[in-house]
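Take a look at the letters that make up each chain.
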Amino acid sequence: MNPTSTAGGPTLPQVRRLVTEIPGPASRAWQARKHDAVAAGVGTTLPVYVTAAGGGVLVDADGNSLIDLGSGIAVTSVGNSAPRVVEAVAEQLSSFTHTCFMVTPYDGYVRVAEALNRLTPGDHQKRTALFNSGAEAVENAVKIARSHTRKQAVVVFDHAYHGRTNLTMAMTAKNMPYKHGFGPFAAEVYRAPLSYPFRDGGLSGAEAARRAIDVIEKQVGAENLAAVVIEPIQGEGGFIVPADGFLAALTQWCTANGVVFVADEVQTGFARTGDLFACDHEGVVPDLIVTAKGIAGGLPLAAVTGRAEIMDAPHVGGLGGTYGGNPLACAAALAVIETIEAEDLVGRARAIGTTMKERLASFGDPRIGEIRGRGAMVAVELVRPGSTDPDPELARTVAAAAHSQGVVVLTCGTYGNVLRFLPPLSIPDHLLAEALDVLELVFKDA
Ligand SMILES: *Cc1c(COP(=O)(O)O)cnc(C)c1O
């Protein structure tokens, strides 16, 4: 099959259809070429080679149609090749592809900044700067916070994931595979304990915040601390939803102590959690919010948005990058925002979350220690029955079996024992139900 011959988008047949084993011969041939051509460090979770995608399916080089519960790691929330995105990007593509906003600017960048200033939590004056990746935006949030506070330390949390660049590796918690052998890491990064209700003995949000603040005050000191950076719901760390009030107490402490509170909403943003941003759920207003992944329907874009007086601290020329806010990515982002609003994807995310949690609970499987998440960001933490002992082998077994049945799922978590589900919000109900049927069978067999 000619990989360019299949049109993607929501008009692709919305079916799970396996015509070969997974991965099939064409994908295996590509994987052999990948092995010889691509650096070994770039791993692949499920090496089916995709030729088209849209709605809730991925079609591979063998003609298999798989149900997508991963969205390319929470990126294609509006769907792959979503119609408004395709149209907007095609139009931009035929006008111009790049000028560099720092040289000769264009309106798409300004429009995206205006939209983010309008949509992110809080009605204070805001500014936005655009970048290419989540990690790059997190780094810039730290630069901005340091410039504004004239302090240096950064506090992050247990199980955190903020990226793979040098500074963000230091901020990411997990050694394997993200950090191992790649040191030395950036200085002035400190780690505080998170609220992890399943594993911290039922500490309330306020108690967990007090525990974290105690570590921060004793080991860092507010007078040295530029920023607290936190994912409002952790992504790679295991879809950990902190106890109610944890985030609010941290923000209050930051405000009282001249520390910039940065929400890393790279994975949680853009309707994924059933709010436009996860902070909205608790009424938390971060000083800076970092967005990426779901922002542009698959085109590379990231942003830092926040209080004007903080964002404007760096000197002119201090922020930027060749491609940051690329015109194609900006056109895509504007189309994503339009799609979220026009199709009420916030409501759709909530409905998907309700369906998934009910079905997963109905499995009644004692190895599912907790079902958690918010909206269409749902996970199950797998344990040995009757305990909280992590069972990463079960997570691997279930994921592999789901893959072989044509359902794309991902694992995560510090202990590798969390199965996570991030369906595109464009997935039709019948496919979501079928994916859950497959998961139920796979759990029974495992
Ligand atoms: C994926 C992710 C990042 C890094 O984003 P990249 O675009 O891969 O650099 C940062 N923070 C969180 C919470 C993420 O999920």
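Worth saying up front: this structure is predicted, and the values here are computed from it rather than measured.

Rules and cut-offs
Residues numbered from 1 in each chain as written. Predicted model: local features only at pLDDT ≥ 70, side-chain atom pairs only at ≥ 80, totals over all residues. Heavy atoms only, no water. Salt bridge = Lys/Arg side-chain N within 4 Å of Asp/Glu carboxyl O. Helix = DSSP H or I, 4+ residues; strand = E, 2+ residues; numbered from the N terminus. Domains from an automatic or database assignment. Contact = heavy atoms within 4.5 Å. Buried area = accessible area lost by both parts, 1.4 Å probe. Polar contact = N/O pair within 3.5 Å; in protein donor to acceptor, adjacent residues only side chain to side chain. Nonpolar A, V, L, I, M, F, W, Y, C, P; charged D, E, K, R; others polar. Near = heavy atom within 4 Å. Buried < 20%, exposed > 50% of the residue type's maximum accessible area, 1.4 Å probe, protein only. Pairing = 2+ DSSP bridges. Expected span 1.5 Å × (residues − 1).

A. Focus on the pattern of salt bridges. The full count for this structure, using the stated rule, is 22 salt bridges. For the salt bridge of R16 with E434, the shortest nitrogen-to-oxygen distance reads 2.8 Å. Taken together, the residues R16 in the segment before α1 (25-37) and E434 in helix α14 (residues 429-445) connect sequence positions 418 residues apart.

B. How the structure looks around the domain arrangement of the protein. Here the protein is partitioned into domain 1 (25-78 + 344-445) and domain 2 (86-342). Relative placement of domain 1 and domain 2: their C-alpha centres are 25 Å apart. Contacts between the two partners involve 39 residues from domain 1, matched on the other side by 34 residues from domain 2. Here domain 1 meets domain 2 over a buried area of about 3,000 Å², counting both sides, of which 58% is carbon and sulfur. Counting across the domain 1 and domain 2 interface gives three salt bridges. One salt bridge in this structure joins R199 and E381, with 2.5 Å as the shortest N-O distance. For the pair domain 1 and domain 2, the number of links is 21 residue pairs in polar contact (both at pLDDT 80 or more). Taken together, the elements giving at least two residues each to the side of domain 1 that touches domain 2 come down to α2 (71-74), α12 (345-362), β11 (368-374), β12 (377-382) and β15 (418-421). Here the side of domain 1 that touches domain 2 takes five residues from β11, the largest share from any one element. Residues of the side of domain 1 that touches domain 2, tallied by class, amount to 21 nonpolar, eleven polar and seven charged.

C. Structural detail: the environment of R84. Locating R84 in the fold gives a position in helix α3 (residues 83-95). Note: C-alpha distance between R84 and G297 (213 residues apart in sequence) is 9.9 Å. If sequence neighbours within four positions are ignored, R84 has contacts with A335, E338, T339, A342 and E343. Within the structure, the side chain of R84 is placed 3.5 Å from the side chain of E338, a separation counted as a polar contact. One polar contact links R84 to E343, side chain to side chain, over a distance of 3.1 Å.

D. Fine view of the site of the ligand. Near the ligand you find S133, G134, A135, Y161, H162, E231, D264, V266, Q267 and K293, and these make up its full shell. Here Y161 contributes a backbone N or O atom positioned 3.4 Å from a nitrogen atom of the ligand. Between the ligand and the protein, one listed contact pairs an oxygen atom with a side-chain N or O atom of K293 at 2.6 Å. Residues of the shell around the ligand, tallied by class, amount to three nonpolar, four polar and three charged.

E. Fine view of the pairing of strand β1 (residues 50-54). When you tally the buried positions in β1, you get four out of five residues, the bulk of the element. Note: β1 against strand β2 (residues 57-60), four bridges, orientation antiparallel. Residue pairing for β2: A53 is matched across the bridge by L58.

F. Local environment of helix α5 (residues 134-149). The end-to-end C-alpha distance of α5, which contains 16 residues, comes to 22 Å, matching closely the 22 Å that a straight helix rising 1.5 Å per residue would cover. Every buried residue of α5 is listed here: G134, A135, A137, V138, N140, A141, V142, I144, A145 and T149. Downstream of α5 by one or two residues, R150 has phi in the positive range, about 55 degrees.

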